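In case you want the letters, here they are:
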Amino acid sequence: QKEETAAPAAAPAEAPAAAPAPDKLKIGFMYVSPIGDGGWTFQHDLGRKAIQDKFGDRIETSFVESVPESADSERVMRDMAAQGNKLIFATSFGYQEFVQKVAADLPDVKFEHATGYKQRENVATYDTKTFEGAYLAGIVAGGMTQTKTVGVVASVPIPEVVRNINSFVLGAQSVDPSIRAKVVWVNEWFSPPKESEAAASLINGGVDVLYQNTNSPAVLKTAEERGARAFGKDGDMSSFAPKAHLGSAVVNWAPYYTKVVEDTLAGNWPQGNYWWGVKEGAIDLLKIADDVPQEILDRVAKARAGLKDGSFAVWTGPIKDNTGKELLAEGQVADDQFLTGINFFVAGVEGKVPG
Ligand code: GUN
């Protein structure tokens, strides 16, 4: 796999100076779960394939899957760099400290860290507004729940996940303010058995519509077995549970990955923080089930159009936490600082954010 690009030391002096072949940009992707997860990682890999197709032999992409958010990730990134990768996408939050460490040692490699917030000269951060997809799914949940109790199988208690849980509930309550929500944490991104167990316990507790912030279709499959309804997240999961499936909140990484590669090839790697949503085509609720009433489809279409043209924001007051404290006043729109620091549950969600 190693490529030696340096000229041999003893090149004959009379050799004509050939124009150097343009170097391929080598790009490595590090994934936290298998590419076959049907969700988060599957979708990042679709983004990788999209840039490989678009830029052809100007780039060479590779990936390593199922890399834990531990020192293992540091080893994988150093290895990618040793193999000549000059751009490395680290696609899970828990890689953050390891990205920082490796990036400090390798200033000529550019790092792209998904869902993180720590940048440096050679580290950009990026994410999609998954909470906008969660809100659109919430509207559908609000129209479909009979028990008026929705549930979320939650992964790791970071602000992104807490924001998504709340946004799902806000969507449901936009249809019926009396809707309540339960949350079960599995403390992992990808553990189908635990995801299933959590889904079953929510259903046993009276939940009839589920959302999840984990990586696999296990929650959907459990809903299908138990006669409940649920959503796909990150990827189109409709085929895993055709009866239970109410829609998939699908992330599209291709527009951002294309921008990064285009800019990098032009010598202008875009260091910064990118957070794209419905407006930029980075997230949408797709494949909404046929039995969802027209009135609910209209509400989804209206919210989506508002997110697209900027006339609507999910986090618009009045919003109270579940202790009754008002956090956003009537008409007040949350800024990014508020959104990235959400560590409470909105009114109607049972329990407390861990930690
Ligand atoms: N799955 C694995 N890592 C992540 C992450 O950082 N964010 C989200 N939403 N899902 C993930």
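Residues numbered from 1 in each chain as written. Predicted model: local features only at pLDDT ≥ 70, side-chain atom pairs only at ≥ 80, totals over all residues. Heavy atoms only, no water.

## Observations concerning the sheet that holds strand β4 (residues 110-114)
Selection criterion: Two strands are said to pair when DSSP picks up at least two bridges between them. The numbering of helices and of strands both runs from the N terminus, where a helix is a DSSP run of H or I of at least 4 residues and a strand a run of E of at least 2. Here the axes come from fitting lines to C-alpha atoms, over the contacting stretch only for helices, and the angles between their N-to-C directions go from 0 to 180 degrees. We call two residues in contact when some of their heavy atoms are within 4.5 Å.
The six strands lie next to each other as β2-β1-β3-β4-β5-β11, forming an open sheet whose pairing is parallel. Each end of this open sheet is capped by a strand with a single partner; those strands are β2 (59-64) and β11 (273-276). Across the sheet, the mean angle separating the axes of adjacent strands is 20° when strand polarity is ignored. For β4 and strand β5 (residues 123-128), the ladder comprises four bridges, and the chain directions are parallel. Within the sheet, the bridge partner assigned to E112 lies in β5 and is A124. Contacting β1 (25-30), β2, β3 (87-90), β4, β5 and β11, helix α8 (residues 254-265) runs over the sheet at an angle of about 145° to β11.

## Here's the deal with the packing of aromatic side chains
Let me state the cut-off plainly: Aromatic rings from Phe, Tyr and Trp, with only the six-membered ring used for Trp, were paired whenever their centres fell within 6.5 Å, and each pair was classed as stacked if the ring planes differed by under 30 degrees, edge-to-face if by over 60, and tilted otherwise. Using a 1.4 Å probe on the protein chains alone, a residue whose accessible area is under 20% of its type maximum counts as buried, one over 50% counts as exposed, and one in between counts as partly exposed.
Following the criterion strictly, the structure yields 24 aromatic pairs and no others. Look at F168 and F231: their rings are 5.9 Å apart centre to centre, the planes differ by 80°, and that puts the pair in the edge-to-face class. Of this pair, F168 sits in helix α5 (residues 159-175) while F231 sits in strand β9 (residues 229-234), and the two are 63 residues apart along the sequence. Residue class for F168 comes out buried when judged on its relative accessible area of 0%.

## Observations concerning the side chain of T145
What counts is decided by this rule: Here a polar contact means two N or O atoms within 3.5 Å. Within protein one must be a hydrogen donor candidate and the other an acceptor candidate, and residues neighboring in sequence count only if both atoms are side-chain atoms.
By the element assignment, T145 lies in the loop between α4 (130-144) and β6 (149-154). Reaching out from T145, the side chain makes a polar contact with the backbone nitrogen of K148 at a distance of 3.0 Å. For T145, the contacting residues outside a window of four places in its chain are V150, I179, D208 and V209.

## Looking at the packing of helix α6 (residues 192-204) against helix α7 (residues 218-226)
The geometry of a pair of packed helices is captured by two quantities: the angle between their axes and the separation between those axes. This is how the line gets drawn: Put simply, angles under 35 degrees are roughly parallel, angles over 145 are roughly antiparallel, angles from 65 to 115 are roughly perpendicular, and the rest are oblique. In this scheme the handedness of a crossing depends on how the near helix is turned from the far one: anticlockwise by less than a right angle means left-handed, clockwise means right-handed. Residues were grouped as follows: Ala, Val, Leu, Ile, Met, Phe, Trp, Tyr, Cys and Pro as nonpolar; Asp, Glu, Lys and Arg as charged; and all remaining residues, including Gly, as polar.
Across the interface, α6 lies against α7 with an axial gap of 8 Å and an inter-helix angle of 45°. It follows that α6 is oblique to α7 by the angle criterion. The handedness of the crossing between α6 and α7 is right-handed. For the pair formed by α6 and α7, the contact residues are P192, E195, S196, A199, A200, I203 and N204 on the first element and A218, V219, T222, A223 and R226 on the second. Class assignment of the residues belonging to the contact of α6 with α7 gives a composition of seven nonpolar, three polar and two charged.

## Some words on the confidence of the model for the protein chain
Inclusion rule: A residue's pLDDT is simply how confident the predictor is in it, with values from 0 to 100.
Looking at the protein chain as a whole, the pLDDT averages 94, with 94% of positions reaching at least 70. Considering only residues more than four positions removed or in separate chains, one finds that residues 1-13, a stretch of pLDDT under 50, has six contacts.

## A word on the pairing of strand β8 (residues 209-212)
Our working rule: Here a crossover is taken to be right-handed if, once the strands point away from the viewer, the path from the first strand over the helix to the second is traced clockwise.
Alternating residues of β8 divide into V209 and Y211 and L210 and Q212, and every residue in both groups is buried. Pairing of β8 with β9, which is carried by two bridges, proceeds in the parallel orientation. Each bridged residue has a counterpart across the sheet, and for L210 the counterpart in β9 is A230. Assessed by its sense of winding, the connection that carries the chain from β8 through α7 to β9 is right-handed.

## So, unusual backbone geometry
Following G317, the chain continues into P318 via a peptide bond in cis, with omega recorded as 10°. Among the structural elements, P318 can be located in the loop between α9 (294-309) and β13 (319-320). With phi around 55°, K287 is a residue other than glycine that occupies positive phi space.

## A look at the nonpolar core
Here is the rule: Nonpolar cores are built from buried Ala, Val, Leu, Ile, Met, Phe, Trp, Tyr and Cys residues. Side-chain atoms within 4.5 Å join them into one set.
Membership of the largest hydrophobic core comes to 92 residues, with the highest contact counts inside it found for I27, M77, F111, V140, F168, F231 and W315. Broken down by element, this core gets its largest block of residues, nine residues, from α4. Leave out the neighbours within four places in its chain, and I27 touches I51, I59, E60, T61, S62, N85, L87, F89 and V261. If you look at the next biggest cluster of nonpolar residues, it comprises 16 residues, including V186, L202, V219 and A228.

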